[in-house]
Amino acid sequence: MGEDRRLAAVVALAQGMAAAHTPRESWRAAALGACRALSGSFAALSVWERELGRLRVLVNVGDRTQGEEEFPAEETYPVHQFPEITEFLHERWAAGGEPDAWVETAEGPSAGDPGYCHQRVAALRRRGRGCCVVAPIVLHGRAWGELYVARPAGVPVFDRGDADFATVLASVVAAGLAQTERLEEARRLAFTDALTGLANRRAVDVRLEEAVERHRVDGVVVSLVVCDLNGLKRVNDTQGHAVGDRLLERFGSVLSLCGAMLPGALAARLGGDEFCLLAVGCPADDVVKAADQLCSRAAELELGEGVACGVASTEDPIGTVRSARRLFRLADAAQYRAKAERAERPVVAGRQGPDDPVVRLADAEPSGEGAVERRRFRGRVP
């Protein structure tokens, strides 16, 4: 491959990874870009999981054989079968060298000899491939994993030039992975409450919109638990905000624990002393049970005065739910009714009789003195 084509291939790989929106997309772009750049038929990207002593395959692209999934759930190999990632690689560094790529064929090592080849040779033969080039990936100054590109039997094998080019590609992949990590961290921070580690209001808004759309299209049950932690102001005023923060953190842990009763539920802090649970696909009765457990556990906290909890579910008789806003208003109205009544158990929208006051309050049109706004729910019992 000429220098211009190789430069174009490097640029294409970098652009592909930069355009990725998720780690999976980034892994796939890296493997596909390297496969094309090296005229391979198959490529894989693997990470070294040090604590488990194994290489875990993140993605397989190209001509996959039986058992090779694109994003394998559990394709792993003990590192002792491929010790070059821990031994050969580090020996090179200790001698002042660089983590160069090497080539192996179905007949044995070719360009660049790491000293270990029997497992890879066996794998090449088993899968009908003629050769492969293996390029270590170094991220943040440590061995991160490897880039693997193969060609089928019967075509020219990779040469030393290909191995050197694979080393360059691995460096580009490492840069792309670092960028993906930074973006993921930024996304995590954007959707995470800094104090409790729970999801934040932005995350709830996004997830709730998606959930209500699924309900509208497929009828999936969507339930929302909104709760207000009682006594936080008293704790802040009498014992200080550091103690108040500790109360928020403890309640956040209780909320997370109760949310675990509902598969896939999102536990979040909306802000201040307000929290919520969003459950998608769970029966409404299960959500109410989790909310009931939440009230019981919150009452046992050393600080605070329990929690006011409201529940709204599309499975209950609350009318048609066409927007996330309506479901939130229903759960919010139920929570404020619970607070006004000093209820020790959750109030559930749609379960207060034929003319449910919670539903009526949530659906009231905001106008003039009768405006139904969240801050005006407090203390009102229609």
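Refer to the structure above for everything that follows.
Bear in mind the structure is a predicted one, so any value in this text is a computation, not a measurement. (Residues numbered from 1 in each chain as written. Predicted model: local features only at pLDDT ≥ 70, side-chain atom pairs only at ≥ 80, totals over all residues. Heavy atoms only, no water.)

**Q** Any chance you could break down helix α6 (residues 201–218) for me, citing the residues and the numbers?
**A** Between its first and last C-alpha atoms α6 spans 25 Å; for 18 residues at 1.5 Å apiece the expected length is 26 Å, and the two agree. At its buried positions, α6 is contacted by β8 (222–229), β9 (266–271), β10 (274–280) and α10 (324–340). For α6, the N-terminal cap is N200; the gap from its side-chain oxygen to the backbone nitrogen of R202 is 3.2 Å. Of the residues trailing α6, G219 is marked for its positive phi of about 75°. (Helix = DSSP H or I, 4+ residues; strand = E, 2+ residues; numbered from the N terminus. Expected span 1.5 Å × (residues − 1). Contact = heavy atoms within 4.5 Å. Polar contact = N/O pair within 3.5 Å; in protein donor to acceptor, adjacent residues only side chain to side chain.)

**Q** Describe the layout of surface pockets, and please don't skip the residues or the numbers.
**A** Quantified by volume, the largest pocket comes out at close to 410 Å³. N230, E305, G306, V307 and K339 are, among the 21 residues lining the largest pocket, the residues nearest its centre. By residue number, the principal contributor to the lining of the largest pocket is helix α7 (residues 232–239), which donates three residues. Together, 19 residues line the second largest pocket, and Y77, F82, R120, A123 and R127 are the ones closest to its centre. Of the residues forming the lining of the second largest pocket, the biggest block, five residues, is contributed by helix α4 (residues 118–126). Broken down by class, the residue content of the lining of the second largest pocket amounts to nine nonpolar, four polar and six charged. (1 Å grid on protein atoms, 1.4 Å probe; cavity = no way out; pocket = protein on both sides within 12 Å on 5 of 7 lines; lining within 4 Å. Points joined across faces, edges and corners; volume = space filled by probe spheres on them. Nonpolar A, V, L, I, M, F, W, Y, C, P; charged D, E, K, R; others polar.)

**Q** Lay out empty space enclosed by the protein with the relevant residues and their values.
**A** Summed over all chains, the structure comprises one cavity of 30 Å³ or more. Quantified by volume, the largest cavity comes out at close to 60 Å³. Along the walls of the largest cavity sit 13 residues, with M17, A20, T22, T180 and L183 positioned nearest its centre. Breaking the lining of the largest cavity down by element, the ones donating at least two residues are α1 (3–18), α2 (23–37) and α5 (160–190). Of all the elements, α5 adds the most residues to the lining of the largest cavity, at six residues.

**Q** Mind laying out α2, listing which residues take part and the relevant values?
**A** Here α2 is 15 residues long and its end C-alpha atoms lie 21 Å apart, about the 21 Å a rise of 1.5 Å per residue gives. Regarding α2, the residues found buried are S26, W27, A29, A30, A31, L32, G33, A34, C35 and A37. Those residues of α2 that are buried are in contact with α1, β1 (42–49), β2 (54–62), β7 (142–152) and α5. One or two positions beyond α2, positive phi appears at S39, with a value near 55°. (Buried < 20%, exposed > 50% of the residue type's maximum accessible area, 1.4 Å probe, protein only.)

**Q** Break down the packing of aromatic side chains for me, citing the residues and quoting the values.
**A** Counted by the stated rule, this structure contains two aromatic pairs. Pairing F42 with Y148 gives two aromatic rings, centres 6.3 Å apart and planes at 75°, and the pair type is edge-to-face. With a gap of 106 residues between them, F42 in strand β1 and Y148 in strand β7 connect regions that are remote in the sequence. As far as burial versus exposure is concerned, F42 and Y148 are alike and both buried. Against the face of W48 rests R50, its NZ or CZ located 4.1 Å from the ring centre. Seen from the ring of F42, R129 lies directly overhead, with NZ or CZ sitting 3.8 Å from the centre. (Phe/Tyr/Trp six-rings, centres within 6.5 Å; stacked < 30°, edge-to-face > 60°. Lys NZ or Arg CZ within 6 Å of the ring centre and 35° of its normal.)

**Q** A description of the pairing of β1 should follow, citing residues and the corresponding values.
**A** Within β1, eight of the eight residues are buried, which leaves the element mostly enclosed by the surrounding structure. Burial along β1 is two-sided: F42, A44, S46 and W48 and A43, L45, V47 and E49, pointing in opposite directions, are all buried. Two elements, β1 and β2, share eight bridges in a ladder whose sense is antiparallel. When the bridges of β2 are listed, A43 appears paired with V61. Between the antiparallel neighbours β1 and β2 lie four residues, among them G53 with a positive phi of about 65°. Alignment of β1 against β7, held across six bridges, turns out to be antiparallel. Pairing of S46 across the sheet is with E146, part of β7. (Pairing = 2+ DSSP bridges.)

From the geometry alone we can't say anything about function, so treat these as descriptive.
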